[in-house]
Amino acid sequence: MNARFERTGALTELTSYPQWAQDMVAECEDAKQGVVDHELWSIMRNGDLDASSTRNFMVGVWPVIERFPGYMAQNLLKTRYGRSPGDNMARRWLVRNIRVEQNHAEYWLHWAEGAGVAQGEVFHGPTPLGTETLANWCEEVSGNAPLAAGIIATNYAVEGATGEWSQLLYDSAAYKESFPASSRTASLRWLQLHAAYDDTHPWEALEIVCTLMGTAPSSADVAYLGECVRRSYVSMQITLDRCLDARRALWAMSEEAAA
Ligand SMILES: [Fe+2]
């Protein structure tokens, strides 16, 4: 049953969306916090991330950054103009926003370079073990799952959690000041663009998904979408965990040495 959804409330208020979507967001909140409260961000905010973990973060997350417009293109391929209001909305939004993503890979490279990780290392350096978890999931859900699942997993869940951690970093004076003044603005451009206060993309993605699904989707469809959101958060958390492995190994070695 697809009772039509048309948003009347504010874009960025969860109460503007159908009850099933509000429940789904609430049920995935713990997994989202696993990303947003990840210890990596507090270490970075304090300007304390060691060089090899910084390198692992920049190199390990890069495949998702580079491929993100590709995920959106895979979802665009699933739309058919005129099939439904949700298809039309998704098609229009994806066409526009693939273009917006155009410079983001370049801005990531500027961030990496400012943090001491050269472009050649990001392109050709060995990928830290296990960090491919998020890229693999995004590829799978964008390539093979229905349109609503692809959009909710990437443009809603991945971008939404990213908006929150980007804001945490961007708000930290200590983190900002860890970059040389001369190149600070360019280094922090990616973070600035993705920080949640500027980014309405995740909300727009949620609106598209609700327009595709309507106000009364089947409980099986709702459970599946919730599972996709959760998998995005868990995959992000695993990828971030793996970026910190080198740091944890160093701690273990220094503790052994001190014993
Ligand atoms: Fe982006």
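Provided above is the structure to which this section pertains.
The following refers to the structure shown.

About the cut-offs
- Residues numbered from 1 in each chain as written.
- Predicted model: local features only at pLDDT ≥ 70, side-chain atom pairs only at ≥ 80, totals over all residues.
- Heavy atoms only, no water.
- Helix = DSSP H or I, 4+ residues; strand = E, 2+ residues; numbered from the N terminus.
- Expected span 1.5 Å × (residues − 1).
- Buried < 20%, exposed > 50% of the residue type's maximum accessible area, 1.4 Å probe, protein only.
- Contact = heavy atoms within 4.5 Å.
- Core = buried A, V, L, I, M, F, W, Y, C linked by side-chain atoms within 4.5 Å.
- Salt bridge = Lys/Arg side-chain N within 4 Å of Asp/Glu carboxyl O.
- Donors = N, O, S within 2.8 Å, 3.2 Å for Na, K, Ca; no water.
- Tetrahedral: all angles 85-135°; square planar, octahedral: opposite > 155°, others 65-115°.
- Axes fitted to C-alpha atoms, helices over the stretch in contact; angles between N-to-C directions.
- Parallel < 35°, antiparallel > 145°, perpendicular 65-115°, else oblique.
- Nonpolar A, V, L, I, M, F, W, Y, C, P; charged D, E, K, R; others polar.
- Left-handed = near helix turned anticlockwise from the far one by under 90°.

Bringing helix α13 (residues 201–213) into the picture now. Relative to the 18 Å expected for 13 residues at 1.5 Å per residue, α13 spans 18 Å between its end C-alpha atoms, a close match to the ideal helical length. Counting buried positions along α13 gives 11 out of 13 residues, so the element sits mostly inside the fold. Within the sequence span of α13, burial applies to H201, P202, A205, L206, E207, I208, V209, C210, T211, L212 and M213. The elements touched by buried residues of α13 are α1 (19–27), α5 (85–100), α9 (147–170) and α14 (219–243). G214, located one to two residues past α13, shows a positive phi value of around 80°.

Nonpolar side chains tend toward joint burial in soluble globular proteins. By size, the foremost hydrophobic cluster in this structure holds 76 residues, and its most contacted members are F57, W108, W111 and W165. Ranked by residue count, the leading element in this core is α9, at 13 residues. With residues near it in sequence (within four places) discarded, F57 still touches L40, W41, M44, W108, W111, W165, L240 and C243.

Our focus in this paragraph is the pattern of salt bridges. Taken as a whole, this structure holds nine salt bridges when the rule is applied. Note that R83 is salt-bridged to D87, the shortest N-O span being 3.0 Å. In this structure, R242 and D245 form a salt bridge, with 2.7 Å as the shortest nitrogen-oxygen distance. Overall, R242 belongs to the partly exposed group, its relative accessible area being 27%.

Angles between donor atoms at a metal ideally measure 109.5 degrees for a four-coordinate tetrahedral arrangement and either 90 or 180 degrees for a six-coordinate octahedral one. Only E101 (OE), E101 (OE), H104 (ND1) and H194 (NE2) from the protein reach the iron ion as donors, at distances of 2.1 to 2.8 Å. Around the iron ion, the four donor atoms are arranged such that angles at the metal cover 48 to 172°; this shape is classified as irregular. Between the donor residues of the iron ion, the gaps in sequence give the motif E-x2-H-x89-H. Here E101 is found in the loop between α5 and α6 (104–114), whereas its partner H194 is found in helix α12 (residues 189–194), with 93 residues between them in sequence. Judged by its relative accessible area of 6%, E101 is buried.

Considering the arrangement of structural elements, one finds V229 in helix α14. Between the C-alpha atom of V229 and that of C28, which follows or precedes it by 201 residues, the distance is 7.0 Å. Discounting chain neighbours no more than four positions away, the residues touching V229 are M24, C28, I152, Y156 and A157.

What follows is about the packing of helix α8 (residues 132–144) against α14. Running from N to C, α8 and α14 cross one another at 155°; their axes reach a closest spacing of 7 Å. With respect to each other, α8 and α14 are oriented roughly antiparallel. Between α8, through T133, L134, W137, E140 and V141, and α14, the contact on the second element is made entirely by C228, R231, S232, S235, M236, I238 and T239. Considered class by class, the residues forming the contact of α8 with α14 number six nonpolar, four polar and two charged.

The next point concerns the packing of α9 against α13. The contact between α9 and α13 brings their axes to 8 Å, and the two run at 160°. Considered as vectors, α9 and α13 are oriented roughly antiparallel to each other. Read as a crossing pair, α9 and α13 show a hand that is left-handed. On α13, the residues touching L147, A148, I151, I152, N155, Y156, E159 and G160 of α9 are H201, P202, A205, L206, I208, V209, L212 and M213. Here the residues of the contact of α9 with α13 sort into 12 nonpolar, three polar and one charged.

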